[in-house]
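Residue-level structural notes
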Amino acid sequence: MLPILFTVGNFPVSSFGLFLGLGIFFGAFTVWRITKSFEFDFEKVLDLIFLTVGSGFIFSRLVFVLTNISVFDSLSKIFFINKYPGLSFWGGFLGGMLALWWLTKRSRIAFLQAADIAMIGFFMAAFWTEIGCLLGGCGVGLETTSLISVDQAGVIGKRLPIQLFESVVFLLIFFGFWKAILRFHIQGSFFAKGLIWLAVIKLIAGFFKSPVQTVSVSGFLLGAEVLFSTVVLVVGIYFYY
């Protein structure tokens, strides 16, 4: 739709990059606001936010490069993300959660309590990121002739704006969690419910997206997003029960 919002000198500002930045900012603010109510140590919270987000970003780029290794035939393509963009949603999510687990263990903070709060911030960040995907042309929907179809950068034909539907659902989940987090709850419940909701949304959305990557499972070709969503759903149900 609108991959480049504006240009500062010779530097183009991409819509996805801008909305990703907004997602990180508002997601971090959400986490800070909740932890303030729980009287967490301010410096520890900042360290957790920066290191978790940073690790998520590195994992996201690494997984994308590894799954598209034929495109990245030089180091410059890997590091110059403005010229050769590409991030993995599930790579970033996994990297962030692994970093959070390791950091909370070192800081002697209950992982499930931190994961509950991080999950709420994640849904806020995901809301903004999906809007960036809609404008920038990532996670493109299937080709359609319906009235709600839109043009997407890099593909031919009108497409289903599946990213918009995802962003709206993410926002609704955020508001539901935001209202309930300060009430009594079992540690890990928001984390488990968040995993389940995220997996279900991505699983359903995966059937309405153009398959970018496929994985062979017992001779059947499955979309990578469908496969990852199924795994996360199983993990979420495990934590819930």
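Along its length, the protein carries eight helices and four strands. Overall, the protein shows an N-to-C arrangement of helices and strands of β-β-α-α-α-α-α-α-α-β-β-α. Principal axes of the C-alpha set define a box for the protein whose edges measure 50 × 45 × 35 Å. Positive and negative charge centroids in the protein, built from 16 and 11 side chains respectively, lie 2 Å apart.

Further remarks concern a nonpolar patch on the surface. Together, Leu142, Val200, Ile204, Phe207 and Phe208 give the surface a local cluster of nonpolar side chains, amounting to about 440 Å² of exposed area. Inspection of the secondary structure puts Val200 in helix H7 (residues 189–206). The exposure class of Val200 is partly exposed, given its relative accessible area of 30%.

Turning next to the pattern of salt bridges. As enumerated under the stated definition, the model contains four salt bridges in all. A salt bridge links Asp151 to Lys158, with the nearest nitrogen and oxygen atoms 3.3 Å apart. The partly exposed category is assigned to Asp151, whose relative accessible area is 45%. On the basis of relative accessibility, which here comes to 38%, the residue Lys158 falls in the partly exposed class. Residue Lys209 pairs with Glu166 through a salt bridge whose shortest N-O separation is 3.0 Å.

Volume-wise, the second largest pocket comes out at about 380 Å³. Lining the second largest pocket are 18 residues, and of these Trp90, Phe93, Leu94, Met97 and Val232 sit closest to its centre. Breaking the lining of the second largest pocket down by element, the ones donating at least two residues are helix H2 (42–67), helix H4 (89–107), H7 and helix H8 (224–240). A per-element tally of the lining of the second largest pocket places H4 first, with seven residues. When the residues that make up the lining of the second largest pocket are grouped by side-chain class, the tally is 16 nonpolar, two polar and no charged.

So, on to the side chain of Thr129. Within the secondary structure, Thr129 is located in helix H5 (residues 111–136). Assessed through its relative accessible area of 17%, Thr129 is described here as buried. Among residues more than four places away in sequence, those in contact with Thr129 are Phe16, Phe19 and Leu20.

What counts and how
Residues numbered from 1 in each chain as written. Predicted model: local features only at pLDDT ≥ 70, side-chain atom pairs only at ≥ 80, totals over all residues. Heavy atoms only, no water. Helix = DSSP H or I, 4+ residues; strand = E, 2+ residues; numbered from the N terminus. Lys, Arg positive; Asp, Glu negative; His and termini not counted. Charge placed at Lys NZ, Arg CZ, Asp CG, Glu CD. Patch = residues over 30% accessible without salt bridge, like charges linked within 9 Å, V, L, I, M, F, W, Y side chains within 5 Å. Areas by Shrake-Rupley, 256 points an atom, 1.4 Å probe, with all protein chains shown as cover. Salt bridge = Lys/Arg side-chain N within 4 Å of Asp/Glu carboxyl O. Buried < 20%, exposed > 50% of the residue type's maximum accessible area, 1.4 Å probe, protein only. 1 Å grid on protein atoms, 1.4 Å probe; cavity = no way out; pocket = protein on both sides within 12 Å on 5 of 7 lines; lining within 4 Å. Points joined across faces, edges and corners; volume = space filled by probe spheres on them. Nonpolar A, V, L, I, M, F, W, Y, C, P; charged D, E, K, R; others polar. Contact = heavy atoms within 4.5 Å.

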